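What the coordinates show
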Amino acid sequence: MAQSLDSTAMRQHNRTNVFRYIRDCAPTSRIEISAALELNKATVSSLVDELLSEQYIREIGFGESRGGRKPVILELNPQAAYSIGIDIQITHASAVLSNLKGQVVVHRNTSLNLLEAANVQQTLLDYIENTVQEMNEFVKESPHGIVGIGIALPGMVNHHTGFVHYLPNLEVERWDFAKELESRTHIPALVDNDANCGALAQYRASSVKDLVFINAGIGIGVGIVAHGQIYRGGKGIAGEFGHSTISAMGLQCHCGNYGCWELYASERALARYLKELGVNPKNLELDKDFVQRAVKQADAGDSAYLQAFKQLAMYLGIGIVNVINGLNPGRVFLGGNLAIAGDYLMQDVKQSIAFRTVAVNRSTEVSLSSPDSIVLGAANLVMSKLVFAEP
Ligand SMILES: [Zn+2]
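Below: a short report on this structure. (Residues numbered from 1 in each chain as written. Predicted model: local features only at pLDDT ≥ 70, side-chain atom pairs only at ≥ 80, totals over all residues.)

A few points about the environment of A205
Positionally, A205 belongs in helix α6 (residues 194-206). Residues A205 and V132 lie 73 residues apart in sequence; the distance between their C-alpha atoms is 26 Å. (Helix = DSSP H or I, 4+ residues; strand = E, 2+ residues; numbered from the N terminus.)

Now the structure itself:
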């Protein structure tokens, strides 16, 4: 019995490795897989046949012969399975439908102002359920259909159970979110912090094994990839640098602390600086286009906006220096809504890194991240875990 269990586990292990190899190295062939993974040809053939019969992969013609028969070329079947990625931000949401190859088939941006929602939980569940229904229309021919929904949330969540501890800007606490969502959609739901999803997407795109993703929007969260994996910490909420103290006698934060970094380097901070500089509060509504409007004003030479961005950039830079000195990442990605204002922030952030970090860290590279990183990371999370059995 023990032996048969072992051989089942071994076969599963080999199957996963073959499947991942085809994902990462296609176009490829049985002979190439056998050589790369050091598996005998019969084992590879049997596993490839299994993946072919399940339609996860497909044959796409013949490659060059190296003496003997021409090898049959294999690749993933993009339509075999789909994942939905959803990025919930405070003022807006975006969703993608991604195929097995990670290509985006549908992309939707929605204005979803949760600050004004009468019931945040219901609004979120309704939005996701509607999105899933809409995406379902695109996958009718697929053998495995939608395998899961990945949801990036702005706050503290237990990734393993889908339980929401606390979404600070939305005052949502202790919510069995994944369970409620699954009972509505009947599709597995994976939940993660938004900055973690951004970090995962940047890791997949860059292959930098130690990196941080700064999600700067209404608040600030940091996603950490260490040795190629999301670093979650003891209770699963690592990366809450937004609530590290940057001003000892500073403003009070909703987290209970005073002088938190995100009070000085977020969209809320930008709005406050602008108000202090005399901008009419009517123009400072925190909706999804707030940063875009601010950039437009700065582009037009409005001195209040230029000054506010300068002040924000100083605090953003100081906080990033703290993250760099603490974690020594190989690279820093600045994402979230404030990345839209990159032209007004990056130079000062780079200067802070050059002048304020310890000497070894001064060459740390910082780049702007695509606005879609988080939603792509959420879709990727599903494929990675539920299809390719990654930890
Ligand atoms: Zn705080």
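Next comes the rest of the account.
Quick look at the environment of D372
With respect to the helices and strands, D372 occurs in the loop between β15 (365-368) and α11 (373-387). Accessibility expressed as a C-beta count within 10 Å gives 18 for D372, which makes it partly exposed. (Buried ≥ 20, exposed ≤ 12 C-beta atoms within 10 Å, placed from the backbone.)

A short note on unusual backbone geometry
Cis geometry is found at the peptide bond from A26 to P27, where omega equals 0°. Within the fold, P27 resides in the loop between α1 (2-25) and α2 (30-37). With phi around 65°, Q55 is a residue other than glycine that occupies positive phi space. Inspection of the secondary structure puts Q55 in the loop between α3 (41-53) and β1 (57-62). Take Q55: there are 15 C-beta atoms within 10 Å of it, and that puts it in the partly exposed class. In this model, H227 sits at a positive phi of 50°, which is unusual for a non-glycine residue. Positionally, H227 belongs in the loop between β12 (220-226) and β13 (229-230). Take H227: there are 7 C-beta atoms within 10 Å of it, and that puts it in the exposed class.

Section: the environment of S206
The topology assignment puts S206 in helix α6. A count of 15 C-beta atoms within 10 Å places S206 in the partly exposed class. With 125 residues separating them along the chain, S206 and R331 place their C-alpha atoms 9.7 Å apart.

Thoughts on the sheet that holds strand β5 (residues 104-111)
Taken together, the five strands give an open sheet; going across it, the order is β5-β4-β3-β6-β10, and neighbouring strands pair in mixed fashion. The outermost strands of the open sheet, each flanked by one partner alone, are β5 and β10 (189-193). Looking at each pair of strands side by side, their axes are set apart by 15° on average, direction ignored. Against the sheet, helix α4 (residues 120-136) makes contact with β3 (82-88), β4 (92-99), β5 and β6 (146-153), and its axis sits at roughly 150° relative to β3, the strand it touches most. Relative to the sheet, α6 contacts β3, β6 and β10, its axis offset from that of β10 by approximately 95°. (Pairing = 2+ DSSP bridges. Axes fitted to C-alpha atoms, helices over the stretch in contact; angles between N-to-C directions. Contact = placed C-beta atoms within 7 Å.)

Observations regarding the pairing of β5
Bridge count between β4 and β5: seven bridges; the pairing is antiparallel. Within β5, the position partnered with A93 by the bridge is T110. Between the antiparallel neighbours β4 and β5 lie four residues, among them G102 with a positive phi of about 85°.

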